[in-house]
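Here is what each chain is made of, one letter per residue.
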Amino acid sequence: MRVIIRLFFRFIRLVLTPVMLLAEKLSTPSPMPHSAEQQQQLSQACQQLALYQFAACPFCIKVRKEMARLGLNIQKRDAQHHAEYRQQLLSGGGKVKVPCLQIKDDLGETQWLYESEAIILHLQSLVTASRS
């Protein structure tokens, strides 16, 4: 019985993953416009960031859509299919949970930000700071 349940959920995942990825592609908003100076500041700030994610995770999709809307080019690291990124997430952040935003500051300190809402608020604050 356990095997049947496991196969059922694996089948559901197989069916839903392409649907979720297609829905993301079709519903991702256009980036908001930035001045050249703002874009340069944002690009520089984004070099300090990395998003650890799984492709079909709904919370990761939510963060990626907000990144696209804000026009942020942040490195995405697939912790589901790359053991190296999964290990970095575990050793640095303490747990394999996505989405997770790795934030490096100018002093070399690293902060690991979990929870999609907290990540989105941090990204929005970057854009707000670039406009000041």
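Our subject is the structure listed above.
If you're wondering where the values come from, they're calculated on a predicted model, not measured in any experiment.

**Student:** Honestly, the overall build of the protein in this entry has me stumped. Any pointers?
**Tutor:** A count of helical and extended segments in the protein gives five helices and four strands. Mapped in sequence order, the helices and strands of the protein form the string α-α-β-α-β-α-β-β-α. Expressed along its principal axes, the backbone C-alpha trace of the protein runs to roughly 60 × 35 × 20 Å. Burial analysis of the protein (132 residues in total) assigns 33% to the buried set. Once local pairs closer than 6 in sequence are excluded, the contacts in the protein between residues at least 24 apart make up 64%. Accessible surface, the protein: about 8700 Å² in total, of which carbon and sulfur atoms supply 59%. Between the mean site of the 16 positive side-chain charges and the mean site of the 10 negative ones, the protein shows a separation of 13 Å.

**Student:** It is not clear to me how the packing of aromatic side chains should be interpreted in this structure. Could you clarify?
**Tutor:** Applying the stated criterion to the full structure yields three aromatic pairs. Centroid distance Tyr52 to Trp112: 5.4 Å. Interplanar angle 45°. Geometry classified as tilted. You can see Tyr52 sitting in strand β1 (residues 49-53) and its partner Trp112 sitting in strand β4 (residues 110-114), a full 60 residues away along the chain. The same class applies to Tyr52 as to Trp112, namely buried. If you follow Lys95 out to its NZ or CZ, it ends over the ring of Tyr114, 4.8 Å from the centre.

**Student:** In this structure, what is going on with helix α5 (residues 116-131)? I would like to understand it.
**Tutor:** Residues that lie three or four places apart on an α-helix share one face, since the helix turns once every 3.6 residues. Between its terminal C-alpha atoms α5 stretches 23 Å, which fits the 22 Å expected from 16 residues at 1.5 Å a residue. For α5, the full list of buried residues reads Ser116, Ile119, Ile120, Leu123, Leu126, Val127 and Ser130. Around the axis of α5, the buried residues are gathered within 115° of arc, so they sit on the same side. Facing away from the buried side of α5 by over 90 degrees, the exposed positions are Leu121 and Thr128. Summarising the contacts, the buried residues of α5 are in contact with α2 (36-46), β1, α3 (58-70), β3 (100-104) and β4.

**Student:** Before we go on, may I ask you to explain the pairing of strand β2 (residues 75-78) in this structure?
**Tutor:** Along any regular strand the residues' side chains alternate between the sheet's two faces. Both β1 and β2 contribute to a ladder of four bridges, which runs parallel. If you follow Gln53 over to β2, its bridge partner there is Asp78. What joins β1 to β2 is α3, and the crossover it makes is right-handed.

**Student:** Help me understand the packing of α2 against α5, please; the structure alone is not making it clear to me.
**Tutor:** For the pair α2 and α5, interaxial distance at closest approach is 9 Å and the crossing angle is 140°. If you check the angle between α2 and α5, you find them oblique. The handedness of the crossing between α2 and α5 comes out as right-handed. Residues Gln38, Gln41, Leu42 and Ala45 of α2 lie in contact with α5, whose contacting residues are Leu126, Val127, Ser130 and Arg131.

Rules used throughout
Residues numbered from 1 in each chain as written. Predicted model: local features only at pLDDT ≥ 70, side-chain atom pairs only at ≥ 80, totals over all residues. Heavy atoms only, no water. Helix = DSSP H or I, 4+ residues; strand = E, 2+ residues; numbered from the N terminus. Buried < 20%, exposed > 50% of the residue type's maximum accessible area, 1.4 Å probe, protein only. Contact = heavy atoms within 4.5 Å. Areas by Shrake-Rupley, 256 points an atom, 1.4 Å probe, with all protein chains shown as cover. Lys, Arg positive; Asp, Glu negative; His and termini not counted. Charge placed at Lys NZ, Arg CZ, Asp CG, Glu CD. Phe/Tyr/Trp six-rings, centres within 6.5 Å; stacked < 30°, edge-to-face > 60°. Lys NZ or Arg CZ within 6 Å of the ring centre and 35° of its normal. Expected span 1.5 Å × (residues − 1). Arc of directions from axis to C-beta. Pairing = 2+ DSSP bridges. Right-handed = clockwise from strand over helix to strand, strands pointing away. Axes fitted to C-alpha atoms, helices over the stretch in contact; angles between N-to-C directions. Parallel < 35°, antiparallel > 145°, perpendicular 65-115°, else oblique. Left-handed = near helix turned anticlockwise from the far one by under 90°.

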